Amino acid sequence: KIAEGLKPIIGDAVEEPEIAGPGFINLRFKEEYLAEAARKMAEDAEGRLAVPKSGTKKKVVIDYSSPNIAKEMHVGHLRSTIIGDTLSKVLEFAGHDVVRLNHVGDWGTQFGMLVEHLRDEYPAALKEETSGDVDLGDLVQLYKAAKKRFDADEDFKVRAREGVVRLQGGDAEAIAAWKSLCAASRKEYQKIYDALTIEGLEERGESFYNPYLNDVVEDLEEQGLAVESEGATAVFLDGYANRDGTPLPMLVRKSDGGFNYATTDLAAIRHRVLLPASDSGEGADRVLYVTDSGQSQHFEMVFAAAEKAGYIPDGVSLEHVPFGLVQGEDGKKFATRSGDTVRLRDLLDEAIKIAGEDMLSRSSSDDADAELSEEAKKVAEIVGIGAVKYADLSMNRESNYRFSYGRMLSLNGNTAPYMLYAYARLCGIIRKANDLKDGEKMEWPEPSEIVISHESERELVRSLVKLPDVLSEVERELYPNRLCDYLFETSQKFNQFYENCSVKNAETPELKASRLSLCTVTAGTIRLLMGLLGIKVVERL
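Residues numbered from 1 in each chain as written. Predicted model: local features only at pLDDT ≥ 70, side-chain atom pairs only at ≥ 80, totals over all residues. Heavy atoms only, no water.

**Looking at the UniProt feature "domain: DALR anticodon binding" (unreviewed entry) in the protein**
Stage number 1. Residues annotated by UniProt as "domain: DALR anticodon binding" (unreviewed entry) correspond here to residues 419–541.
Stage number 2. Secondary structure across residues 419–541 comprises 65% helix and 0% strand; the distance between its end C-alpha atoms is 11 Å. (UniProt positions renumbered as here; feature names shortened; annotations may be inferred. Helix = DSSP H or I, 4+ residues; strand = E, 2+ residues; numbered from the N terminus.)

**Description of the environment of Ile429**
Stage number 1. Within the secondary structure, Ile429 is located in helix 15 (residues 416–433).
Stage number 2. Assessed through its relative accessible area of 7%, Ile429 is described here as buried.
Stage number 3. For Ile429 and Leu237, which are 192 residues apart along the polypeptide, the C-alpha to C-alpha distance reads 62 Å. (Buried < 20%, exposed > 50% of the residue type's maximum accessible area, 1.4 Å probe, protein only.)

**What to know about the confidence of the model for the protein**
Stage number 1. Summarising the model, the protein shows a mean pLDDT of 92, and 99% of its residues fall at 70 or more.
Stage number 2. Of all the helices and strands in the protein, helix 5 (residues 128–131) carries the lowest mean pLDDT, 76, while strand 3 (residues 59–63) carries the highest, 98. (pLDDT = per-residue confidence, 0-100.)

**Notes on the packing of helix 6 (residues 139–152) against helix 7 (residues 154–168)**
Stage number 1. Closest axis-to-axis distance for the helix 6/helix 7 pair is 6 Å, and the angle between their directions is 110°. Of the possible angle classes, the one that applies to helix 6 and helix 7 is roughly perpendicular. For the pair formed by helix 6 and helix 7, the contact residues are Ala146, Arg149, Phe150 and Ala152 on the first element and Glu154, Phe156, Lys157, Arg159, Ala160 and Arg161 on the second.
Stage number 2. Residues of the contact of helix 6 with helix 7, tallied by class, amount to five nonpolar, no polar and five charged. (Axes fitted to C-alpha atoms, helices over the stretch in contact; angles between N-to-C directions. Parallel < 35°, antiparallel > 145°, perpendicular 65-115°, else oblique. Contact = heavy atoms within 4.5 Å. Nonpolar A, V, L, I, M, F, W, Y, C, P; charged D, E, K, R; others polar.)

**What about the packing of helix 8 (residues 172–195) against helix 12 (residues 344–361)?**
Stage number 1. At a closest axis distance of 10 Å, the pairing of helix 8 and helix 12 adopts a crossing angle of 25°. Relative to helix 12, helix 8 is oriented roughly parallel. Judged by the sense of rotation from one axis to the other, the crossing of helix 8 with helix 12 is left-handed. Note on element contacts: helix 12 touches helix 8 through Leu344, Arg345 and Leu348, opposite Lys191, Ile192 and Ala195.
Stage number 2. Looking at the contact of helix 8 with helix 12 residue by residue, the class counts come to four nonpolar, no polar and two charged. (Left-handed = near helix turned anticlockwise from the far one by under 90°.)

**Observations regarding a nonpolar patch on the surface**
Stage number 1. Taken together, the side chains of Ile2, Ile19, Ile25 and Leu27 present a nonpolar region at the surface, about 410 Å² in accessible area.
Stage number 2. Summarising the element assignment, Ile19 is placed in strand 1 (residues 18–20).
Stage number 3. On the basis of relative accessible area, Ile19 is assigned to the exposed category, the value being 66%. (Patch = residues over 30% accessible without salt bridge, like charges linked within 9 Å, V, L, I, M, F, W, Y side chains within 5 Å. Areas by Shrake-Rupley, 256 points an atom, 1.4 Å probe, with all protein chains shown as cover. Salt bridge = Lys/Arg side-chain N within 4 Å of Asp/Glu carboxyl O.)

**Some points on helix 11 (residues 296–308)**
Stage number 1. Taking 1.5 Å per residue, 13 residues should reach 18 Å; helix 11 reaches 18 Å between its end C-alpha atoms and fits that length.
Stage number 2. Inspection of helix 11 places Phe299, Met301, Val302, Phe303, Ala305 and Ala306 among the buried residues, and these make up the whole buried set.
Stage number 3. Its buried side turned inward, helix 11 meets strand 7 (232–241), strand 8 (247–253), helix 10 (261–274), strand 9 (286–292) and strand 10 (317–323).
Stage number 4. Two residues or fewer past helix 11, Gly310 is found with a positive phi of approximately 80°. (Expected span 1.5 Å × (residues − 1).)

**A few points about the domain arrangement of the protein**
Stage number 1. Looking at the assigned domains, one finds that the protein contains domain 1 (59–104 + 205–323), domain 2 (109–200) and domain 3 (344–533).
Stage number 2. Taking only C-alpha atoms into account, the centre of domain 1 sits 25 Å from that of domain 2.
Stage number 3. Listed per partner, the contact involves 16 residues of domain 1 and 17 residues of domain 2.
Stage number 4. For the pair domain 1 and domain 2, the summed buried area comes to about 1400 Å², and 68% of that belongs to carbon and sulfur atoms. (Domains from an automatic or database assignment. Buried area = accessible area lost by both parts, 1.4 Å probe.)

**Brief notes about the sheet that holds strand 7**
Stage number 1. Taken together, three strands build an open sheet; the order of strands is 6-7-8 and the sheet is antiparallel. With partners counted over all chains shown, the strands left at the sheet margins are strand 6 (226–229) and strand 8, one partner each. Adjacent strand axes in the sheet meet at a mean angle of 55° when their direction is disregarded.
Stage number 2. Here strand 6 runs beside strand 7; their pairing, made up of four bridges, is antiparallel. Residue pairing across strands places Ser229 opposite Ala232, the latter belonging to strand 7.
Stage number 3. The strands touched by helix 9 (residues 213–222) within the sheet are strand 6, strand 7 and strand 8, with strand 8 carrying the most contacts at an inclination of about 135°. (Pairing = 2+ DSSP bridges.)

**Considerations on the packing of aromatic side chains**
Stage number 1. This structure, assessed with the given rule, holds 14 aromatic pairs.
Stage number 2. Centroid distance Trp107 to Trp178: 5.3 Å. Interplanar angle 90°. Geometry classified as edge-to-face. In this pair, Trp107 sits in the loop between strand 4 (97–102) and helix 4 (110–121) while Trp178 sits in helix 8, placing the two residues 71 residues apart along the sequence. The same class applies to Trp107 as to Trp178, namely buried.
Stage number 3. When the ring of Tyr401 is compared with that of Phe403, the centres are 6.5 Å apart and the planes differ by 45°; the resulting orientation is tilted. (Phe/Tyr/Trp six-rings, centres within 6.5 Å; stacked < 30°, edge-to-face > 60°.)

Structure representation (structure tokens):
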């Protein structure tokens, strides 16, 4: 009955179902289906590779990166940025309307301390007309100096607390100083974003939601969801308890009248899904939060409260996209030898440096003082940055991963250098088959009918035609490592095909044209997916 029921559904793609042994059904792709699917990909090899867009276009908000003002970005922000950027690209490719939001930490009690420190050390930062011209220098050192004063000087601590009140009350000097801190931080983050080629990320910090916070608390109180608890205002949700079994509160207003992260996140949900675009909101159908797994319970509770309060319309989904920690090679906290936090800029520069040294060591020059050409330096940057991204994305995002320059820059295994080499090799095969000389512009062959004459050809085509399924799975389930697994598997299938099937010296012109088309589709697949992973490809390595 199952075999009979399958026939009308799969008839175009699959041979007659075979019943084998005690209750197995074997399905085999029709050769002509595989050949036709691969031909369609070849006709669109420099575009979408015949991958259809999603049936239903959605508005998707992706909240990622989210560094803190006046603090340095760390490896957790790196993971959030890389994963969020790839998911944005995949969902955009699927045809969705994607809004990339950077929920920066630009508000909170620490700003009272920072503003008062600026009042003493950089008074020009407190005047609107001069605040934009002040060079605040190293923001990390500035933060440490302010914190040191806060911990040691009681008078300064009082001033800092009063400074928070002034800032929240809209005091002109405090706002000017706050803006200069935000601008200086933005400049530093942008250097990292430029190095990682992150584009289209719109800053919308915690401060953006300040005007909406009172409304959220009042609404929760009116609905009877928010109640007084030890002088503060809290929401109690079923199923959440402290270790001693007492109900776990989700605070929405502190006893001093200040607000919590949960309040800001609830205001953000209302703005993102309840308010339509015509009313300055987003009107989103799906909202993704790319943060570390340590925040899982926070988001579970915020989403549950939003559901209970009626903030999530039917058909709208809020999803936490958690990721694990970055560890050192020893499995401990990722840090410098002296135990300090690794600066992201230094980390990226080191990856580029090692990639460049590796390229020099493999060059034909015997000159110990040889340097890379300008073009080779650009390739080293692509390889180095690509290696950092790919190492992160090739892991199941929920796992902790051990950061190793050696592993991520290896030419063996599922790494960016391996995939970049595979692409450059494919370009070389096509150049050779077309008798293109060095320096001549790469020309992709015309697509042709696909002829399957060897089992390794069939295996390669079967892998290539999986592409739409792999992309829709990542669109749905949000695990970028499946793109990397598929890339690696496909490149290995190509290697087996190339070992068994000559391209340049194929037995017939039809077979040569077919095999060139398979090379073109494989190259197009690597180029497309590496692009979605935020990694450029190069025709020569």
